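# Analysis of the macromolecular model
So the chains spell out like this:
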Amino acid sequence: MPVRLEEDRNDGPTLPEIKRFLELCMAGAHFREALGLDREATLARYGLAHLDVEALAPLYAPGAPAAGVVPVVREYWQYRQEAGRRLREIKEACVPGHERFRRWHRRQSARCRLEIGSAMDGLIIHTPFAAELSLGCSVGCWYCSLDAPPLSQVYAYTDENRALWREVLGQLRILGEEAMAWGSVYWASEPLDNPDLERFCEDFHEILGRFPQVTTALPLRDPERVRRLLELSRAKGSPGNRFSVNSLSALERIMATFSAQELAHTELVLQNPEAGSIKAAAGRGLRHFQKRPATLARELKKRVPADSAISIDPENPLALLPGTNACVTGFLVNMVERRVRLISPCNASERWPLGYRVFAEACFQDGPGFQQAIAGMVAQMVVDLPEERPLRLAPYLHYREEEGKAFLESSCQRLEFSIQGPGARLLGEVLRLLAAGKSPLGAISIHCACSFGAADALTRRILDDLLQQGVLDEDCLEG
């Protein structure tokens, strides 16, 4: 039976109270230090006076014995396990139903695992679209990997704008309702900057069948509005929302304003410097690190503790930080600009400084124009091997051979292939030709036919398997 986070308990702390306690523990050392000085007063300050801290130790203290834990700890473990399983289910649900879009989406997800690593990619659901209902953001977080400009305009809920919004949602729905239902209503923007956010979200729910999750850094600007939004979201069946917390003082005010029960289904994303979250070296965050070595050193210390075996490359210390926070593999729509882009996460670079790659973009003025724009982008999604252009490995992959095996290695991932035996030797030759990066598909097929007697269909199948694993350079696929 699933654990319900909001359940009341008569025999001890509720799960929302345990959630709050752990959020305080994760926010930095200040809370744990205060507990050591005056436990009773510290717990009372946060409405947690009846918590048995020792009983909860297996949840927050490394090395605490797991034997004999109290039932509520086991329930919280079960809740977290269910949350992890649910995240994996959502990620799979985000794969579009449209065949061409689905194949492209899966290939981009495979590429991301190689480029940014399985651990980081595991946190990305690859939602198939995000919509911005404003131009810019009023918050201006120093670490913003999307480098959102200052807020300049919001998309008002006029009759005309409402009609266009609903047409946009309807056209996206055609590409796969289940996947599009996991889209979002923010990107390089603060959703609460739009005073009509809730009305747009209700249209989203009506057309796509799900109330969109909201992440806000402004829960304290209008707490009553936020309460109503959380209640509306819960009533519409949303699994939860998020608050971005940029400082300990903001955390204190959030906990003073909202009860543990009110935030039972709201994740606190702890972005304050004292917390363990590591900022991405992308967008504004990357520029901040380049100008402020002390901030970079602080984030690297989180990534590489004193007892870690990981070494920092003095020539490229930024390589140890995440290179992206982007989570969309699909369409990025700005309703103010009436612009749509096709994007997918990548490590930030000089070419893609915001941590996502742009495959195509177009402007639209009305529903038919939007439909034409996204149909053209779907038609351009590369799902098959190009015939004429030289094929090569992605630039972040290094090829090497050792003891009858071939390896494709990025900074955070490795693929291993056997290249011994008749069929495996053919694969090894294909990998060598891709590493050289000079031969188009036809030339690779002819070479393999002459050298190994391989049928064209077999060589193409090997290359297509490698394509689906995300190992080929996107630039050579796009032309």
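Residues numbered from 1 in each chain as written. Predicted model: local features only at pLDDT ≥ 70, side-chain atom pairs only at ≥ 80, totals over all residues. Heavy atoms only, no water.

If you look at the biggest cluster of nonpolar residues, it comprises 78 residues, and the most contacted ones within it are Phe21, Phe129, Trp165, Leu251, Phe331, Met335 and Val340. Apart from residues lying up to four places away in sequence, tryptophan 165 is in contact with Ala131, Leu133, Tyr155, Val185, Phe200, Asp203, Phe204 and Met335. Judged by nonpolar contacts, the second largest core, of 31 residues, contains Leu393, Ile419, Leu466 and Leu477. (Core = buried A, V, L, I, M, F, W, Y, C linked by side-chain atoms within 4.5 Å. Buried < 20%, exposed > 50% of the residue type's maximum accessible area, 1.4 Å probe, protein only. Contact = heavy atoms within 4.5 Å.)

Enumeration according to the criterion identifies 16 aromatic pairs in this entry. Between phenylalanine 21 and tyrosine 60, the ring centres sit 5.3 Å apart and the planes meet at 75°, which makes this aromatic pair edge-to-face. With phenylalanine 21 in helix 1 (residues 15-26) and tyrosine 60 in helix 4 (residues 57-60), this pair connects stretches of sequence that are 39 residues apart. Under the relative-accessibility criterion, phenylalanine 21 is labelled buried at 0%. For tyrosine 60, a relative accessible area of 27% translates into the label partly exposed. Through a chain of ring-to-ring contacts, three or more aromatic side chains come together here, namely Phe21, Phe31, Tyr46 and Tyr60. The cationic tip of arginine 400 hangs over the ring face of phenylalanine 407; the distance from NZ or CZ to the ring centre is 4.3 Å. (Phe/Tyr/Trp six-rings, centres within 6.5 Å; stacked < 30°, edge-to-face > 60°. Helix = DSSP H or I, 4+ residues; strand = E, 2+ residues; numbered from the N terminus. Lys NZ or Arg CZ within 6 Å of the ring centre and 35° of its normal.)

Turning to the side chain of serine 244, a few remarks are in order. By the secondary structure assignment, serine 244 is in strand 5 (residues 241-245). Looking at serine 244, the relative accessible area reads 15%, which means it is buried. Setting aside its immediate chain neighbours within four residues, serine 244 contacts Thr215, Thr216, Ala217 and Val269.

A few words now on the sheet that holds strand 9 (residues 356-363). Taken in spatial order, the four strands line up as 1-7-8-9 in an open sheet, and their pairing is mixed. Bordering the open sheet on either side are strand 1 (127-132) and strand 9, each of which pairs with just one other strand. Going across the sheet, the axis of each strand differs from the next one's by a mean of 20°, ignoring polarity. Bridge analysis of strand 8 (residues 339-345) against strand 9 gives seven bridges, and the strand direction is antiparallel. Residue pairing across strands places arginine 341 opposite glutamate 361, the latter belonging to strand 9. (Pairing = 2+ DSSP bridges. Axes fitted to C-alpha atoms, helices over the stretch in contact; angles between N-to-C directions.)

To continue, consider the pattern of salt bridges. Using the criterion set out here, one finds 38 salt bridges in the structure. The residue arginine 85 makes a salt bridge to glutamate 89 at a minimum N-O spacing of 3.7 Å. Of the two residues, arginine 85 and glutamate 89 both sit in helix 5 (residues 71-93), four residues apart, roughly one turn of that helix. Between arginine 166 and glutamate 206 there is a salt bridge, and its shortest N-O distance comes to 2.9 Å. Of this pair, arginine 166 sits in helix 8 (residues 159-174) while glutamate 206 sits in helix 10 (residues 197-208), placing them 40 residues apart in sequence. Since its relative accessible area comes to 53%, glutamate 206 is described here as exposed. One network of salt bridges, in which partners are shared, links Arg400, Glu402, Lys405, Glu409, Arg414 and Glu416. (Salt bridge = Lys/Arg side-chain N within 4 Å of Asp/Glu carboxyl O.)

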